[in-house]
Amino acid sequence: MSEAKTPTPTPPGDTYKGWVFKWTNYIKGYQRRWFVLSNGLLSYYRTQAEMGHTCRGTINLATATITVDDACNFVISNGGTQTYHLKASCEVERQRWITALELAKAKAVRMQAESDDSGDDFPSSSPRITQGGGSQNSEVQSALRTLSNKVEDLSTCNDLISKHGSALQRSLAELDGLRLTGEAGDKIRQVTERATLFRITSNAMINSCRDFLTLAQTHSKRWQKALQAERDQRVRLEETLEQLAKQHNHLERAFRGAAQANASPDNKGAAGPGKGEASDEDDDNEFFDAMEEAPEFITVPADPQFHKRSSSSISGLNSELCADDQSLNEEPLAMNQESPSQELVPLKKRRTRIPDKPNYSLNLWSIMKNCIGKELSKIPMPVNFNEPISMLQRLSEDLEYHELLDKAAKCQNSLEQMCYVAAFAVSAYSTTVYRTGKPFNPLLGETYELDRKRESGYRSLCEQVSHHPPAAAHHAISDRGWTLRQEITVASKFRGKYLSIMPLGTIHAVFEKSNNHYTWKKVTTTVHNIIVGKLWIDQSGEIDVVNHTTGDRCHLKFAPYSYFSRDVARKVTGVVMDKDGKAHYVLSGTWDEKMEFSKVMQSSRGGENGTEGKQKTVYQTLKARELWRRNPLPDGAETMYYFTALALTLNEPEDGVAPTDSRRRPDQRLMEEGRWDEANAEKQRLEEKQRSARREREREAASQRTSSQSEEGAPHDNYLALWFERCEDPITGEEIHIYKGGYWEAKERGSWENCPNIF
């Protein structure tokens, strides 16, 4: 397993290396690693090829203890921070390593003691050098110490030779005193002469080694002086380059100021010395580029001249927006005053709490180990992973910030309206930041209504229109001039460490007054640390919000979270452009906190993107204004699944809802009440009932299938939705389910005869 070396004492300057088995963990056990012992340090690598670039670990033998466990195992530890449990291929190999390690440790301890005693012999002449120069100086000192140790070893050997040689000569002299004659006496004299000659030779060798050490120390001082001169020269060059960079930056700002002054002759007075002073004061406003992932554009504060030119228009815009906000706040009162003869009924008081989440332990791996690679909707999950709402209710939760659509409906300008629609698209993700629980998979035919017409002016209806693949249709209409509809199919995969959720489908927003029709799609949601660690959620991808009436477009980018990024986490950026591709607004913010928009006054091509070589667009913008901000969570939300104020009311029991409404689902209700064992049993019953119903539909379809039925086509599940009908979308051309009406009329009549019994 290692190189064939004998366990002879190895000087610390030499190396001893070979393959040894190292304990890693209880899953992988012992793994073969390449160990290198050199200069009192024991390092290891995964392969010999890693020696040039990647060291997996190093332990200093000067402070380490070496213990032997059994015939092949031994342990090296430095007191708790580092411990290597090693195993050699055989007992002989283990003994070779132990011998080499013990000798290297003794040498390292002696070298460390001598270094402490002679630390002032070669002081550094410049306290500024702490990295490169310090490492080179330590290498020189280490080489000198190694040479010195070798000479001392030879001196020790010389002392021993002298000692034993003197004893040998005394013994020979005693033999010579016996007055032996003949051949025996000649032999004794011959041995005495050879011993004397050997002692003289060893003394000469020791003296030569001392001369070599003195010479090396003399040259070391010269090397240190030359090295220090190189260090000083490098520092001077770095300072010169820094000064040149500052001068170049200053000249570049001055050039831009002069170019802007020439471009606007009507503002020559504003572009004089005062302009130059403003450039110096705005150093912090210089645009920058993230090193991890270069942005597609850069924003810089607009020139003051743009503020002066557009002051009237901006003030008009502000007053218009303020008027919109005020009208929105007053509208509920106006709605109540539309019919004076109608008796005013107080609004229903919604609940603000649900039972606290129980603290049940669960062996996660025992469930997940058989689920890798499967689709999430086909995995039988206990309610321990759920939150007590269904996917239909979670879809309705997109209306948490419906007021953004209310404001968009009042906008006269389609580009301003686009800003609010884009902010609404981002706001839908703000409720997911702490929500690591999985919503209940809706049963086929399950519905959910969210009637907030009296409080907020809108009504929403969802229906599960397909089970394999799972698809939910959603339709919401508001008295304030907008309609929202979507059909979302969720594709999800469990990858072992994380869970990816990919919503498929298009969201439509239509405004009655302007007839503007917007569409966009959702980004990918990723749940990290499924097996080990704390669960956390990230959103990543890109969204294109398109106005099919005017051709306006907004491109939103959700930056994925990175441990190495210096940028703000959960960042979202976007640009609102007209049909000709001209930018009018820049959006920025985070999907979990807020979004802001800035009006673009001028755009130009800027510096190059180093990763792709493309030029980035520089937008000069006015001061950013807030579009949307996340509402704070209710008190005690951490014990209530981190539900928002709206989410707390979604599963609140209500009279008059359809028998298929999610509020009537028994397993979901039991989980909300904290009765999880009963909820698990009820969940299994409902899923088995759904499977039986599907098998029955398949048998009926097989026996009664006709060509006309196949054309009308209930897809996938041979199921015809009750409140939605399948047709071709006139905008996207997709086959989707669109609300066909009748639900709210049926609710007013209280007639639910056509609703299936799914619970």
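Residues numbered from 1 in each chain as written. Predicted model: local features only at pLDDT ≥ 70, side-chain atom pairs only at ≥ 80, totals over all residues. Heavy atoms only, no water.

### What to know about the overall build of the protein
Each helix and strand counted, the protein has 17 helices and 27 strands in total. Burial statistics for the protein: of 759 residues in total, 43% are counted as buried. Total accessible area on the protein is roughly 41600 Å²; 52% of this is exposed by carbon and sulfur atoms. (Helix = DSSP H or I, 4+ residues; strand = E, 2+ residues; numbered from the N terminus. Buried < 20%, exposed > 50% of the residue type's maximum accessible area, 1.4 Å probe, protein only. Areas by Shrake-Rupley, 256 points an atom, 1.4 Å probe, with all protein chains shown as cover.)

### Concerning helix α14 (residues 676–704)
Along its 29 residues, α14 runs 42 Å from first to last C-alpha, staying within 8% of the 42 Å computed at 1.5 Å per residue. Taken residue by residue, α14 has Trp676, Ala679, Asn680, Glu682, Lys683, Leu686, Glu687, Gln690, Arg697 and Ala701 as its buried positions. (Expected span 1.5 Å × (residues − 1).)

### Focus on the nonpolar core
The nonpolar side chains of soluble globular proteins are, as a tendency, buried together. Ranked by size, the top nonpolar core spans 65 residues in total, and within it Leu484, Phe511, Trp520, Val545, Leu556, Phe558 and Leu587 carry the most contacts. Sorting elements by how many residues they give to this core places helix α10 (residues 414–427) first, with 10 residues. Those residues within four positions of Leu587 in sequence are excluded, and the remaining contacts are Cys419, Ala422, Cys554, Leu556, Val572, Thr573, Gly574, Val576, Met595, Glu596, Phe597 and Leu627. Grouped together as the second largest cluster of nonpolar side chains are 20 residues, Val20, Tyr44, Ile66 and Ala100 included. (Core = buried A, V, L, I, M, F, W, Y, C linked by side-chain atoms within 4.5 Å. Contact = heavy atoms within 4.5 Å.)

### Quick look at the environment of Ser77
Locating Ser77 in the fold gives a position in strand β6 (residues 73–77). Measuring from C-alpha to C-alpha, the distance between Ser77 and Ile59 comes to 8.0 Å, with 18 residues separating the pair along the chain. If we ignore the near neighbours within four places in the chain, the residues touching Ser77 are Ile59, Thr63, Ala64, Thr65, Gln82 and Thr83. Among the polar contacts listed, one links the side chain of Ser77 to the backbone oxygen of Gln82, at a separation of 3.4 Å. (Polar contact = N/O pair within 3.5 Å; in protein donor to acceptor, adjacent residues only side chain to side chain.)

### Brief notes about the UniProt feature "coiled-coil region" (unreviewed entry) in the protein
Under the present numbering, the feature "coiled-coil region" (unreviewed entry) in UniProt falls on residues 220–254. Between the C-alpha atoms that bound residues 220–254 there is a distance of 51 Å. The span itself is 100% helix and 0% strand. (UniProt positions renumbered as here; feature names shortened; annotations may be inferred.)

### A few points about the pattern of salt bridges
Two side chains with opposite charge may pair up if their charged atoms get near one another. Here the structure, examined in full by the defined rule, presents 36 salt bridges. One salt bridge in this structure joins Arg485 and Asp729, with 3.0 Å as the shortest N-O distance. Of this pair, Arg485 sits in strand β14 (residues 482–494) while Asp729 sits in the loop between β26 (724–728) and β27 (735–739), placing them 244 residues apart in sequence. In this pair, the class of Arg485 matches that of Asp729, namely buried. Linking Lys594 and Glu596 is a salt bridge whose minimum nitrogen-to-oxygen distance equals 3.3 Å. Salt bridges here are not isolated pairs; linked through shared partners, they connect Arg350, Glu455, Glu654, Asp661 and Arg663. (Salt bridge = Lys/Arg side-chain N within 4 Å of Asp/Glu carboxyl O.)

### Things to note about a nonpolar patch on the surface
On the surface, Tyr561, Tyr563 and Phe564 cluster together to form a nonpolar patch covering roughly 430 Å² of accessible area. Summarising the element assignment, Tyr561 is placed in the loop between β20 (553–558) and β21 (571–577). (Patch = residues over 30% accessible without salt bridge, like charges linked within 9 Å, V, L, I, M, F, W, Y side chains within 5 Å.)

### Here we look at the side chain of Glu397
Structurally, Glu397 is set in the loop between α8 (391–396) and α9 (403–410). Setting aside anything within four residues of it in sequence, one finds Glu397 in contact with Ile389, Thr431, Arg435, Thr644, Leu646, Ala647 and Leu650.

### A look at α9
Most of α9 is tucked away, with six of its eight residues classed as buried. Listing the buried residues of α9 in full gives Leu404, Leu405, Asp406, Lys407, Ala408 and Ala409.

### A look at the pairing of strand β9 (residues 386–390)
Consecutive residues of a regular strand have side chains that alternate between opposite faces of the sheet. Of all five residues in β9, five are buried, a share of seventy percent or more. Where β9 lies against strand β10 (residues 438–440), two bridges are found, and the strand directions are parallel. Note that in β10 the partner of Asn386 across the bridge is Lys438. (Pairing = 2+ DSSP bridges.)

### So, empty space enclosed by the protein
On inspection of all chains with the given rule, the structure shows four cavities of 30 Å³ or more. Within this model, the largest cavity holds a volume of roughly 60 Å³. If you trace the largest cavity, you find it lined by Asp398, Phe424, Ala425, Ala428, Tyr429, Leu484, Gln486, Ile507, Trp520 and Lys522. For the lining of the largest cavity, the secondary-structure elements that each account for two or more residues are α10 and β14. Here the residues of the lining of the largest cavity are counted per class, giving seven nonpolar, one polar and two charged. Its boundaries defined by the atoms lining it, the second largest cavity holds a volume of some 50 Å³. Within the residue set of the lining of the second largest cavity, elements represented by two or more residues are β13 (470–478), β14 and β27. Sorting elements by how many residues they give to the lining of the second largest cavity places β27 first, with four residues. Its residues assigned to classes, the lining of the second largest cavity comprises four nonpolar, five polar and two charged. (1 Å grid on protein atoms, 1.4 Å probe; cavity = no way out; pocket = protein on both sides within 12 Å on 5 of 7 lines; lining within 4 Å. Points joined across faces, edges and corners; volume = space filled by probe spheres on them. Nonpolar A, V, L, I, M, F, W, Y, C, P; charged D, E, K, R; others polar.)

### Quick look at the confidence of the model for the protein
Residues of the protein with pLDDT of at least 70 account for 74%, and the chain-wide mean is 78. Counted against residues more than four places away or in other chains, residues 265–292, with its pLDDT under 50, gives 31 contacts. Note that pLDDT drops below 50 for residues 707–716; the model gives that stretch nine contacts with residues more than four away or on any other chain. (pLDDT = per-residue confidence, 0-100.)

### Some thoughts on the packing of α9 against α10
Between α9 and α10, the least distance of the axes is 8 Å, while the angle of their chain directions is 170 degrees. Overall, the two elements α9 and α10 adopt an arrangement that is roughly antiparallel. On α10, the residues touching Leu404, Leu405, Lys407, Ala408 and Ala409 of α9 are Gln417, Tyr420, Val421, Ala423, Phe424 and Ser427. Residue classes in the contact of α9 with α10 are distributed as eight nonpolar, two polar and one charged. (Axes fitted to C-alpha atoms, helices over the stretch in contact; angles between N-to-C directions. Parallel < 35°, antiparallel > 145°, perpendicular 65-115°, else oblique.)

### Quick word on the packing of aromatic side chains
Scanning all chains against the criterion turns up 21 aromatic pairs. For the pair Tyr429 and Phe558, a centre-to-centre distance of 5.4 Å together with 70 degrees between the ring planes defines the contact as edge-to-face. Placement of the pair is Tyr429 in the loop between α10 and β10 and Phe558 in strand β20, with a sequence separation of 129 residues. The two residues Tyr429 and Phe558 agree in class, both being buried. Feature note: the residues Trp723, Tyr743, Trp744 and Trp752 constitute an aromatic cluster, connected by ring pairs. Here the basic side chain of Lys87 rests over the ring of Tyr30, its NZ or CZ set 4.6 Å away from the ring centre. Looking at Lys522, its charged tip hangs above the ring of Tyr429, at a distance of 5.5 Å from the centre. (Phe/Tyr/Trp six-rings, centres within 6.5 Å; stacked < 30°, edge-to-face > 60°. Lys NZ or Arg CZ within 6 Å of the ring centre and 35° of its normal.)

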